[in-house]
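Given next are the chains, with one letter for each unit.
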Amino acid sequence: MTPAPGTLIRFQEGSSTKLSGLYRLVFDLQQSFFVYVFQIKTPEKIIWSTNGAKPKRPSRSVSMPHPCSRTLLTNDLKSGHAVIIPEGEDKLLLPQELVGTQLSIYKRNSGILAKLTDPEILAEMLVLDLWGKHIKLIAQETGVHHLLVRRLLSRYFELGMNIGNASASRYSNCGKSARAKKTRSETKKKLGRPSKLVKSGHRPDLAGTNSERFYQQVKIYLDTNSLKKASTAAQYRQFKSNFGIQLFLTANKIEKVALENFLTEGQFRNLKRKILGEINYEKATISTNKVRMSNRAMLGSAQDQISYPGHTYIIDSTIADVYLVSAFDRTLLLGRPCVYIVIDAFSHLIVGIHVTMESASFEQARIALYRSMTDRTQWLDWLGLSSWKNSFPRGYRPTHIFADRAELLSKNGRALAAEIKTTLSISAPYRADWKGLVERQFGILNEETLHWVPGAVRARFQHRGERDVRLDAVLTLYEFTKLIVLHAARRNSYHIMSQHITAPMCRAGTEATPVGLYNFGMQNLRSAPPVFKHLDALSSFMEPCQVVVNKTGFYIGQQRYLAPWMKEEKSLLLSTFGKKVDVIGYRDPDVPEAAYCSLGDGELRYMKIKSKHTDDIATYDDIVDFEAYNELNGKEHFATTMPEKTEIDAMTQSIVGDATKATKQAHKNNPKSKSERTAHLDKNRVAEKARELNKQYDPSEDPSEQVSANQTSPGNETPETMVNAFLKKISQKDRK
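Worth saying up front: this structure is predicted, and the values here are computed from it rather than measured.

Enquirer: It is not clear to me how the overall build of the protein chain should be interpreted in this structure. Could you clarify?
Expert: The helix and strand tally for the protein chain stands at 26 helices and 21 strands. Within the protein chain, the fraction of its 736 residues that count as buried is 39%. The contacts in the protein chain between residues at least 6 apart in sequence include a share of 62% that link residues at least 24 apart. By element, 53% of the accessible surface of the protein chain is carried by carbon and sulfur atoms, the whole surface being about 44,200 Å².

Enquirer: Sorry if this is basic, but what is going on with the packing of helix H2 (residues 100-116) against helix H5 (residues 146-158) here?
Expert: How two helices sit against one another is set out by the angle between their axes and by the gap between those axes. For the pair H2 and H5, the least separation of the axes is 10 Å and the interaxial angle reads 75°. As the angle between them shows, H2 and H5 are arranged roughly perpendicular. Taking contact as the criterion, the partners of Arg 108, Asn 109, Ile 112, Leu 113 and Leu 116 in H2 are, on H5, Leu 148, Val 149, Leu 152, Leu 153 and Tyr 156. Broken down by class, the residue content of the contact of H2 with H5 amounts to 8 nonpolar, 1 polar and 1 charged.

Enquirer: For this particular structure, what's the right way to read a nonpolar patch on the surface?
Expert: On the surface, Trp 388, Leu 486 and Tyr 494 cluster together into a nonpolar patch covering about 300 Å² of accessible area. Turning to its location among the elements, Leu 486 is positioned in helix H16 (residues 477-494).

Enquirer: Help me understand helix H14 (residues 411-419), please; the structure alone is not making it clear to me.
Expert: An α-helical turn contains 3.6 residues, so a residue and the one three or four places further along point in the same direction. Turning to H14, its buried residues are Gly 413, Leu 416 and Ala 417. Taken end-on, H14 shows its buried residues confined to a sector of 100°, consistent with a single buried face. Those residues of H14 that are exposed and aimed more than 90 degrees away from the buried face are Lys 411, Arg 414 and Ala 418. Contact partners of the buried residues in H14: helix H12 (362-372), strand S15 (423-426) and helix H19 (534-541). Positive backbone phi, at 60°, marks Lys 421, one or two positions downstream of H14.

Enquirer: What's the story with the packing of aromatic side chains in this structure? I'm lost.
Expert: Both the distance between ring centres and the angle between the ring planes are used here to describe each pair of aromatic rings. Tallying each qualifying case throughout the model produces 12 aromatic pairs. An angle of 70° between the planes, with centres 6.0 Å apart, marks the rings of Tyr 370 and Phe 541 as edge-to-face. Taken together, the positions of Tyr 370 in helix H12 and Phe 541 in helix H19 put the pair 171 residues apart, joining distant regions of the chain. Judged by its relative accessible area of 0%, Tyr 370 is buried. A relative accessible area of 0% means that Phe 541 is categorised as buried. Between Trp 382 and Tyr 478, the aromatic rings sit 5.1 Å apart at their centres with planes inclined by 80°, giving edge-to-face as the arrangement.

Enquirer: Would you mind showing me how to read the pattern of salt bridges here?
Expert: When their charged atoms lie close together, side chains carrying opposite charge are able to pair. The final tally for this structure, using the stated rule, is 17 salt bridges. Ionic pairing is found between Lys 219 and Asp 223, a salt bridge with its closest N-O pair at 3.6 Å. Here Asp 223 and Lys 219 lie together in helix H7 (residues 212-224), a separation of 4 residues that amounts to about one turn. Take Lys 219: its relative accessible area is 33%, and that puts it in the partly exposed class. Between Glu 479 and Arg 330 there is a salt bridge, with its nearest N and O atoms 2.8 Å apart. Residue Glu 479 is found in helix H16, and its partner Arg 330 is found in the loop between strand S10 (324-325) and strand S11 (333-335); the two are separated by 149 residues along the sequence. Looking at Arg 330, the relative accessible area reads 46%, which means it is partly exposed. A single network of salt bridges, built from pairs that share partners, joins Asp 316, Asp 404, Lys 435 and Glu 439.

Enquirer: Sorry if this is basic, but what is going on with the side chain of Thr 481 here?
Expert: Among the structural elements, Thr 481 can be located in helix H16. Of the polar contacts made by the side chain of Thr 481, one reaches the backbone oxygen of Leu 477; its length is 2.7 Å. When sequence neighbours within four positions are dropped, the list of residues in contact with Thr 481 reads Val 355, Trp 379 and Leu 383.

Enquirer: Whenever I open this one, the packing of helix H15 (residues 436-448) against H16 confuses me. Can you help?
Expert: It is the contact of H15 with H16, at a shortest axis distance of 11 Å, that shows an interaxial angle of 110°. Comparing their axes, H16 and H15 come out roughly perpendicular. Where H15 approaches H16, its residues Gln 441, Ile 444, Leu 445 and Glu 448 are matched on the opposing element by Ile 484, His 487, Arg 490 and Arg 491. For the contact of H15 with H16, the residue count by class is 3 nonpolar, 2 polar and 3 charged.

Enquirer: What am I meant to see in the sheet that holds strand S4 (residues 66-69) here?
Expert: Backbone-to-backbone hydrogen bonds pair the strands of a sheet. The strands run either parallel or antiparallel. Pairing within the open sheet is antiparallel, and its 5 strands lie in the order S4-S3-S2-S1-S5. Each edge of the open sheet is held by one strand with a lone partner, namely S4 and strand S5 (82-85). Direction aside, the axes of adjacent strands within the sheet are offset by 45° on average. Pairing geometry for strand S2 (residues 21-28) and strand S3 (residues 34-39), over 5 bridges, is antiparallel. Its bridge partner being in S3, Arg 24 is matched across the sheet by Phe 38.

Enquirer: Mind showing me how you'd approach helix H1 (residues 70-79) here?
Expert: Every buried residue of H1 is accounted for by Arg 70, Leu 73, Thr 74 and Asp 76. End-on, the buried residues of H1 take up no more than an arc of 160°, which puts them together on one face. Of the exposed residues in H1, the ones pointing more than 90 degrees away from its buried face are Thr 71 and Lys 78. Next to the buried residues of H1 lie strand S1 (8-11), S2, S3, S4 and S5. Note on H1: the residue one or two positions beyond its end, Gly 80, has a positive phi of about 90°.

Enquirer: Looking at this structure, I do not really get the environment of Thr 117. What am I missing?
Expert: Inspection of the secondary structure puts Thr 117 in the loop between H2 and helix H3 (119-127). The sequence separation of Thr 117 and Ile 163 amounts to 46 residues, and the corresponding C-alpha distance is 8.8 Å.

Enquirer: I'm lost on the environment of Ala 488 in this one. Help?
Expert: Within the element layout of this structure, Ala 488 appears in helix H16. Along the backbone, Ala 488 and Ile 341 are 147 residues apart, and their C-alpha atoms lie at a distance of 9.5 Å. In contact with Ala 488, other than residues within four places in its own chain, are Ile 350, Ile 353 and Phe 392.

Enquirer: What should I look at first to understand unusual backbone geometry in this one?
Expert: A negative phi angle characterises most non-glycine residues, just as the trans form characterises most peptide bonds. Unlike most non-glycine residues, His 348 shows phi in positive territory, near 60°. Looking at the element boundaries, His 348 is found in the loop between strand S12 (338-344) and strand S13 (350-356). A positive phi is found at Lys 421, a non-glycine position, where the angle reads about 60°. Residue placement: Lys 421 occurs in the loop between H14 and S15.

Enquirer: Before we go on, may I ask you to explain the side chain of His 134 in this structure?
Expert: Note that His 134 resides in helix H4 (residues 131-142). His 134 has contacts with Leu 116, Ile 121, Glu 124 and Met 125, leaving out every residue within four places of it along the chain.

Enquirer: What should I look at first to understand the nonpolar core in this one?
Expert: Within soluble globular proteins, side chains that are nonpolar tend to cluster in buried spots. If you look at the biggest cluster of nonpolar residues, it comprises 39 residues, and the most contacted ones within it are Phe 480 and Ile 484. Every element with two or more residues in this core is listed here: S12, S13, helix H13 (377-383), H15, H16 and helix H18 (514-524). If one sorts the elements of this core by residue count, H16 sits on top with 7 residues. Leu 369, Tyr 370, Ile 420 and Leu 604 belong to the second largest nonpolar core, which has 31 residues in total.

Rules behind the numbers
- Residues numbered from 1 in each chain as written.
- Predicted model: local features only at pLDDT ≥ 70, side-chain atom pairs only at ≥ 80, totals over all residues.
- Heavy atoms only, no water.
- Helix = DSSP H or I, 4+ residues; strand = E, 2+ residues; numbered from the N terminus.
- Buried < 20%, exposed > 50% of the residue type's maximum accessible area, 1.4 Å probe, protein only.
- Contact = heavy atoms within 4.5 Å.
- Areas by Shrake-Rupley, 256 points an atom, 1.4 Å probe, with all protein chains shown as cover.
- Axes fitted to C-alpha atoms, helices over the stretch in contact; angles between N-to-C directions.
- Parallel < 35°, antiparallel > 145°, perpendicular 65-115°, else oblique.
- Nonpolar A, V, L, I, M, F, W, Y, C, P; charged D, E, K, R; others polar.
- Patch = residues over 30% accessible without salt bridge, like charges linked within 9 Å, V, L, I, M, F, W, Y side chains within 5 Å.
- Salt bridge = Lys/Arg side-chain N within 4 Å of Asp/Glu carboxyl O.
- Arc of directions from axis to C-beta.
- Phe/Tyr/Trp six-rings, centres within 6.5 Å; stacked < 30°, edge-to-face > 60°.
- Polar contact = N/O pair within 3.5 Å; in protein donor to acceptor, adjacent residues only side chain to side chain.
- Pairing = 2+ DSSP bridges.
- Core = buried A, V, L, I, M, F, W, Y, C linked by side-chain atoms within 4.5 Å.

Quick look at the structure:
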């Protein structure tokens, strides 16, 4: 037989119910196969006494009862794996003995438990799995937290399922066990009443704001507060909430009163500055990374550690503050380009520039590095700036490449460094000051050039009513690239660097410019620098592309390339027979229309793009955008003209259907054999021609009739001459 609800049961190890520990049976639905038990998680804290000498101490569990098989419980009770534990009665304070807050808490708790322990409500909570729903509803009705309701239910189940036991507050369980007092010499803690706690009706003895007590309070707060990186104002508010109140003991409650003569925020700042020190006070409200980057002594420069040009190249990218338009349709707005700059750390020479509409990536960074280590004559010729080639001396392979933690911090970046036999160095996180040379160049570029051209973005945010800067965009990618190159030429040739001139440079008459320092270093400080040839640099820096070969040319992606040598090329001829040929290609970043391919013999061959773009000078990005725009335009045209095409198709089907119906009816009215229908085509054509000329058909004019009848014309004319005369007559009428 199943025990009654409220019975305590201790399950032993190895019980069939898989339970272990002390449980109370809290609900039994007779028609169900399950009973519901509640685990008492802290039985060692509960003293089960028959005389009620000591009160029970319920745990703070908020778990819910869980089902247990009725059959398995009965079997465990029979086998001894489950034992019923007797329980004594607990002494309870009567409601009339409670006063003040204790009585109000008792009434509130008993009202909550009376609603939730109703048999029907308890059945819904346990059997229908509505435990959380009812707890939240009663918490909203009574205005208490749902955890309090859960704890009351747990106390109700643990303390004998008695509402009175669970509702009363047990203050006898509060506090700690007694301990021996310590003398003043044994402890540093001040004895007696806390300084903030005074008796009612007495005025506290407030000390001045400069007293030792306030100093110690601020010092303790700064050592233990959780807002170490917060502003001083936020720290003062927290300090005031902790130390700026007094507690007054009255008959029934404790009152909080703000101190009258408390520290002001300015006095708190002075004490904080005095305690932390001047330097630590300034560092307290900013991050460690910002201190390292902006608030540290700078006793040297990057150039002090570099002894020759080409020792270290620094690379970085940014989004330019200018909107661009398409080179083929200037009404199309493209967006803001990405600008890569590579600088030689020794001479501050801008050795590499790359501008693209693509986002920053490894593919774009390798083009900037390629341009910094090769001859830029061909690239300047394409830009029409060949007269400024002296401002861009030939680049060489550097010993180190220094970059931030972006696209080059990857397997591809390390592979490229190994391919060109150089060392890749990466800056630490949040340390943009390590590559300040290139970071500052972006600011100079904005101040001197970009912010003065149409379409420039001069502010991060735009006020309502201001003109949209995008509407002023006029520059194409090609024109913008020329502006960037001219800016770099001006910096390389005319930027004064007198502070970096050494005595040997002065004796040699070196110009105090980046170009002058670079040329002096290459002639006197570095011997036989490693040089990249054009085709070798292409294969080392640029990503190889798969070339598709067919009888119309070589294709890289969607771009078609042609060259004179392809006429007799074996791979092109094989492709006409359906043979697949493996060819590797490289795009030339200096000339957008050029590319090179390798046919397996190790030789790179030149080929030129064949595109339907206009004669305007355009970059490779413009060519790709133009072809993508044309493809999109074709798709849009196809979609917009779909109704007209559908109408044409319907009319075509109608015409064919009507003709088919009329022809079938004619054959039905005048049946003929297949041979009769396909014979006398010349006769049929003459008859059709006669109808077109509004002339009655005359069989005598039909040459086939004349030949078949073997008739001879007057004047000794043969049938052949008669046919020729008839055809001549017809042709004359056609000309008329």
